[in-house]
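# Summary of structural features
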Amino acid sequence: PDSAGEVPRRDFVKSGSLAALMAALGGVPITGAEPEKPADGTLPVPKADPNYKEKPVGPPVKFGVIGLGTQGREVLTQLARLPNAPVVAICDTYKASLKRAGEVAPNAQKYEDSAALLADPAVQAVVIATPTYLHKDVTLAALKAGKHVYVEAPMAHTIEDGREMAKAARALPAKQIFQVGLLFRENPQHHHVLKFFRTGACGKTAEASAQVNKKQSWRRASPNPDREKALNWRLENATSLGLVGELGINPVDCASWYQDRLPVSVTGFGSTILWEDGRQTPDTVQAVFEYPGGVRLVFSATLASSFGSEQQIFNGSDATILIRENKGWMFKEADAPLLGWEVYARKDDILSELGIALVANATKILAQGKKPAEAASDTDSPLKYSLEKFVEHVNEGTPPAADWKVGFESLVTVVKANEAVLKNTRVAYDPSMFVV
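About the criteria used
- Residues numbered from 1 in each chain as written.
- Predicted model: local features only at pLDDT ≥ 70, side-chain atom pairs only at ≥ 80, totals over all residues.
- Heavy atoms only, no water.
- Helix = DSSP H or I, 4+ residues; strand = E, 2+ residues; numbered from the N terminus.
- Buried < 20%, exposed > 50% of the residue type's maximum accessible area, 1.4 Å probe, protein only.
- Contact = heavy atoms within 4.5 Å.
- Pairing = 2+ DSSP bridges.
- Axes fitted to C-alpha atoms, helices over the stretch in contact; angles between N-to-C directions.
- Parallel < 35°, antiparallel > 145°, perpendicular 65-115°, else oblique.
- Nonpolar A, V, L, I, M, F, W, Y, C, P; charged D, E, K, R; others polar.
- Phe/Tyr/Trp six-rings, centres within 6.5 Å; stacked < 30°, edge-to-face > 60°.
- Lys NZ or Arg CZ within 6 Å of the ring centre and 35° of its normal.
- Expected span 1.5 Å × (residues − 1).
- Arc of directions from axis to C-beta.
- Core = buried A, V, L, I, M, F, W, Y, C linked by side-chain atoms within 4.5 Å.
- Salt bridge = Lys/Arg side-chain N within 4 Å of Asp/Glu carboxyl O.
- Lys, Arg positive; Asp, Glu negative; His and termini not counted.
- Polar contact = N/O pair within 3.5 Å; in protein donor to acceptor, adjacent residues only side chain to side chain.

In terms of regular secondary structure, the protein is built from 14 helices and 16 strands. Burial statistics for the protein: of 436 residues in total, 51% are counted as buried. Contacts in the protein between residues at least 24 apart in sequence constitute 70% of all its contacts with a sequence separation of at least 6.

Given below as structure tokens:
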């Protein structure tokens, strides 16, 4: 690897077999010497590998989940899909939420006070899924109680709260795990695409863009005025980081991660276009992040339209990478050099452009005797992958990809971006902002 931790493209191609490269791209594998094609011109059909073994499941990690709103219940759903993540305790201050969540985790002890859950010796790890502005106190208490902690992203509502949390996490014993819920950092599809981005297959990066479009108001109703105010914390500037923070945290963090650098400035724009109901947070935003060297990420989000949903694009001089949901493609420029493996790769027609499919988990697909080119893309939730990796880190004592440092840097990035959006102005990042 060079000083930036990247592997030159020519070395990447040489480092593994052509079979592995083609498998990674969704093509049909060739093992050993390249076999002759059948008379009909098709490529050989892969066979199941009898020696392939999946990584064994680690011992169970007993979970407590604090905060049982929409996201908390989704956490319970995804934990239930893991073979070694039993939920033994749940907590929410609102009794109706506690009761509803109990239907998803029927064997869990119910608590209305997070301190009582943290005192439960049966709980080894906690997921903190409260509103963002409440993360700090619960996180600090959980760390002090000796629990492994997974906190949803963004990790806090203010830079000051995030720095306090990061300092506490930095001081933990190596075996006590603290992970921020930056979903792309633990997602195999994003790690897979990163290999192609970092090895220069796209040439020189010119620009990047990302969007999150959802046709929804964010407003929730309740006959209880106090409860309704609590439910609508995302609509108040005092408690919310708006669309760029609450929805943009993952794609914005991904752009910094892929480029291995932090932005130097951000220019924001915000408007309330559709949901004119007295809210403070705009329902439509754009934020332009400038990185060293002049590369910019244009992030946009709206609650007025769902068209395009969620996607990320990295435009390069040789190729463009598109990531949509859990799928990725590479679109070659006409004058780009031919890469040795691309002739074997699956190609999909995306908006009249021919994209080379970048397929993660190809080794597993091949071991099952399937063609990566024909297998359906993995539809597992990014949240499931993130929680699965958290369990693995707890069992193996390994540091998470989304640790306190990454979590804090992503928080600073979106806090200042939200400031820019609310003021419709440009905000510069001082390097000292990112220091814990």
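Moving on, there is more to tell.
The pairing of strand E7 (residues 205-213) with strand E11 (residues 310-316) spans seven bridges and is antiparallel. Among the inter-strand pairings, Glu-207 is bridged to a residue of E11, identified as Asn-315. In the sheet, E7 pairs with strand E10 (residues 296-302) via seven bridges, with the strands oriented parallel. Paired with Ala-208 across the bridge in E10 is Leu-297.

Looking now at the packing of helix H7 (residues 159-170) against helix H14 (residues 404-423). At a minimum axis distance of 9 Å, the contact between H7 and H14 shows a crossing angle of 175 degrees. Taken together, the axes of H7 and H14 are roughly antiparallel relative to one another. Contact with H7, carried on its side by Ile-159, Gly-162, Arg-163, Ala-166, Ala-169 and Arg-170, involves Trp-404, Phe-408, Leu-411, Val-412, Val-415 and Lys-416 of H14 and no other residues of that element. Grouping the amino acids of the contact of H7 with H14 by side-chain chemistry returns eight nonpolar, one polar and three charged.

The subject of this paragraph is the packing of aromatic side chains. Remark: the centre distance and the inter-plane angle together describe each pair of aromatic rings, the angle taken between the planes. Counting across every chain of the model gives eight aromatic pairs. Measuring from centroid to centroid gives 5.5 Å for Phe-197 and Tyr-258, while their planes differ by 45 degrees, and the two rings are tilted. Taken as a pair, Phe-197 in helix H8 (residues 188-198) and Tyr-258 in helix H11 (residues 249-259) lie far apart in primary sequence, 61 residues in all. Here Phe-197 falls in the buried class, since its relative accessible area comes to 10%. Relative accessible area serves as the criterion here: at 0%, Tyr-258 is assigned to the buried category. Between the NZ or CZ atom of Arg-234 and the centre of the ring of Trp-218, over which it lies, the distance is 6.0 Å. Geometry around Tyr-385 places Lys-384 over its ring, the cationic atom sitting 5.9 Å from the centre.

Here the focus is H7. When the terminal C-alpha atoms of H7 are compared, their 16 Å separation across 12 residues agrees well with the 16 Å that a helix rising 1.5 Å per residue should span. Every buried residue of H7 is listed here: Ile-159, Asp-161, Gly-162, Met-165, Ala-166 and Ala-169. All buried residues of H7 fall inside an arc of 155 degrees around its axis, so they share one side. Looking at the buried residues of H7, the elements they touch are helix H6 (135-144), strand E5 (148-152), strand E6 (178-181) and H14.

This part takes up the environment of Glu-409. Here Glu-409 lies in helix H14. On the basis of relative accessible area, Glu-409 is assigned to the buried category, the value being 14%. Through-space distance from the C-alpha of Glu-409 to that of Ala-166 is 10.0 Å; in sequence the pair is 243 residues apart. Ignoring sequence-local partners within four residues, the contact set of Glu-409 consists of Leu-262 and Phe-434.

With that settled, consider the sheet that holds E6. Two orientations exist for strands paired in a sheet by backbone hydrogen bonds: parallel and antiparallel. One open sheet accounts for six strands, arranged E3-E2-E1-E4-E5-E6; its pairing is parallel. Taken across any chain shown, the strands that pair with only one partner, and hence form the sheet edges, are strand E3 (109-111) and E6. Averaged over all adjacent pairs, the angle separating strand axes in this sheet is 15 degrees, with direction ignored. Where strand E4 (residues 125-128) and E5 come together, four bridges link them in parallel fashion. Across the sheet, Ala-125 pairs through a bridge with His-148, a residue of E5.

Of all hydrophobic cores here, the largest spans 101 residues; its most connected members are Phe-63 and Phe-289. It is H14 that contributes the most residues to this core, nine residues altogether. Setting aside residues no more than four positions away along its own chain, Phe-289 makes contact with Val-244, Val-252, Pro-263, Ser-265, Val-266, Val-295, Arg-296, Leu-297, Phe-299, Thr-413, Ala-417 and Tyr-429.

Moving on, we come to the environment of Ala-125. Mapping Ala-125 onto the fold places it in strand E4. It is 7.0 Å that separates the C-alpha atoms of Ala-125 and Val-61, two residues lying 64 residues apart in sequence. Contacts of Ala-125, omitting those with residues within four sequence positions, involve Val-61, Lys-62, Phe-63, Gly-64, His-148 and Phe-390.

Its place among the elements puts Thr-132 in the loop between E4 and H6. Classification of Thr-132 as buried rests on a relative accessible area of 4%. Filtering out sequence-adjacent residues up to four positions away, Thr-132 remains in contact with Pro-154, Ala-156, His-157, Trp-233 and Glu-246.

Working definition: two side chains of opposite charge can pair if their charged atoms are close together. Counting across every chain of the model gives 11 salt bridges. Here Lys-136 ties to Glu-164 by a salt bridge, and the two come within 3.4 Å at their closest N and O atoms. Of this pair, Lys-136 sits in helix H6 while Glu-164 sits in helix H7, and the two are 28 residues apart along the sequence. Residues Glu-290 and Arg-296 are paired through a salt bridge, measuring 3.9 Å at the closest nitrogen-oxygen approach. With relative accessibility at 23%, the residue Glu-290 sits in the partly exposed group.

Below, the discussion takes up the side chain of Asp-283. Relative to the helices and strands, Asp-283 resides in the loop between strand E8 (265-271) and strand E9 (284-290). Here Asp-283 is buried and forms no salt bridge, its nearest opposite-charge partner Arg-279 lying at an N-O distance of 5.6 Å. Here Trp-275 takes part through its backbone nitrogen, which lies 2.9 Å from a polar atom of the side chain of Asp-283. Leaving out residues up to four positions away in the same chain, Asp-283 has contacts with Leu-243, Ser-271, Thr-272, Ile-273, Leu-274, Trp-275, Ala-301, Thr-302, Leu-303 and Ala-304.

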